[in-house]
Amino acid sequence: MQLLDGLSVSKTIKLELKEQVEKRKSENKKIPHLAAVLVGNNGASQTYVNAKVKACNEVGFDSTLIHLTEDISEHDLLFEIEKLNLNPDIDGYIVQLPLPQHINEKKILLAIDPMKDVDGFHPENVGRMMLNMKTFLPATPMGIITLLERNNIETSGKHAVVLGRSHIVGLPMSILLQRNHPFGNCTVTLCHSKTKNIEEICKSADIIIAAVGIPEFLRGDMVKAGAVVVDVGITRVNDASKKSGFRLLGDVNFEEVSSKCSFITPVPGGVGPMTIVSLMQNTLASVEHKE
Ligand code: GUN
């Protein structure tokens, strides 16, 4: 079994991005600027957004964090989004999800300028992805494709099973794996909570992407020998022995599955860091596109 070391690949990509920023500086070109909108005090969302801002600093991007209170009205949030759309210095921005219950998430995503939608969540960009047109790809599925690519994992003709149909990971992942692309061309099965015979389907998979948000959902007896397993889950589980009070658990029972598969992502240090660098890559692509 080999580890799909997202942390190490992400470090390489950050160095590549840093070099490109240096080159842009020497050519007097604009420094990429990413903004992140965070609403409320969800601990996991705060951690993710802080990690995105930190990564910007590491590669030399400009970054802006807009932290709004939990009780902000939908109207006021839309106003903040309009300001970002109109600000020529902002090349791309994200609105961290989930949003509080009283805010209509779809309405917010529709308000984002598709040209600045570096998360690739606007329906126009989702449509472009579906049709294999140039667009911003959602960061987590994009990061997983890059991780497979940088580890020279053959995908063409393979049976890929995606567990979970979320709009952020499972659904776009299934689209990217099936497209006509050097790291696509899979036959894809998308499984969800109503899927029957999920164990049998998983057992026939060459590649499994687990994105259900259920700790250790994928067990050893669900995986065929030699499969490639990507774990997107990061559920916080209470753990009094940790300083933070919790530990992170993936969707894969690592001990059982790692002894059977050919490649596996660790949690943490697998998909998470790849998501962040993909967002950076999209932000650079945004500023380059404007030029
Ligand atoms: N919440 C969980 N993952 C993501 C992501 O990739 N982007 C945004 N905006 N919110 C998220």
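So, here's what we can say about the structure.

Things to note about the sheet that holds strand β3 (residues 62-68)
Strands belonging to one sheet form pairs held by backbone hydrogen bonds; the direction of such a pair is parallel or antiparallel.
And step 1. Spatially, the three strands line up as an open sheet ordered β3-β2-β4, and their pairing is parallel. At either end of the open sheet lies a strand with only one pairing partner, and these are β3 and β4 (92-95). With direction set aside, neighbouring strand axes in the sheet form an average angle of 15°.
And step 2. Pairing of strand β2 (residues 33-39) with β4, which is carried by four bridges, proceeds in the parallel orientation. When the bridges of β4 are listed, Ala 35 appears paired with Tyr 93.

Here's the deal with the site of the ligand
And step 1. Neighbouring residues of the ligand: Lys 52, Val 95, Gln 96, Leu 97, Asp 119, Phe 121 and Ile 168.
And step 2. Contact between the ligand and Val 95: a nitrogen atom at 2.8 Å from a main-chain N or O atom of the residue.
And step 3. Between a nitrogen atom of the ligand and a side-chain N or O atom of Gln 96, the distance comes to 3.3 Å.
And step 4. In isolation the ligand offers 280 Å² of accessible surface; the protein chains occlude 85% of this area.
And step 5. Counted by class, the shell around the ligand contains four nonpolar, one polar and two charged residues.

Considering the environment of Val 230
And step 1. Relative to the helices and strands, Val 230 is located in strand β8 (residues 228-231).
And step 2. Judged by its relative accessible area of 1%, Val 230 falls in the buried class.
And step 3. Between the C-alpha atoms of Val 230 and Pro 215, which are 15 residues apart in sequence, the distance is 14 Å.
And step 4. With residues near it in sequence (within four places) discarded, Val 230 still touches Leu 4, Ile 144, Leu 148, Ile 208, Ile 209, Ala 210, Thr 265 and Val 271.

About the thresholds
Residues numbered from 1 in each chain as written. Predicted model: local features only at pLDDT ≥ 70, side-chain atom pairs only at ≥ 80, totals over all residues. Heavy atoms only, no water. Pairing = 2+ DSSP bridges. Helix = DSSP H or I, 4+ residues; strand = E, 2+ residues; numbered from the N terminus. Axes fitted to C-alpha atoms, helices over the stretch in contact; angles between N-to-C directions. Near = heavy atom within 4 Å. Polar contact = N/O pair within 3.5 Å; in protein donor to acceptor, adjacent residues only side chain to side chain. Areas by Shrake-Rupley, 256 points an atom, 1.4 Å probe, with all protein chains shown as cover. Nonpolar A, V, L, I, M, F, W, Y, C, P; charged D, E, K, R; others polar. Buried < 20%, exposed > 50% of the residue type's maximum accessible area, 1.4 Å probe, protein only. Contact = heavy atoms within 4.5 Å.

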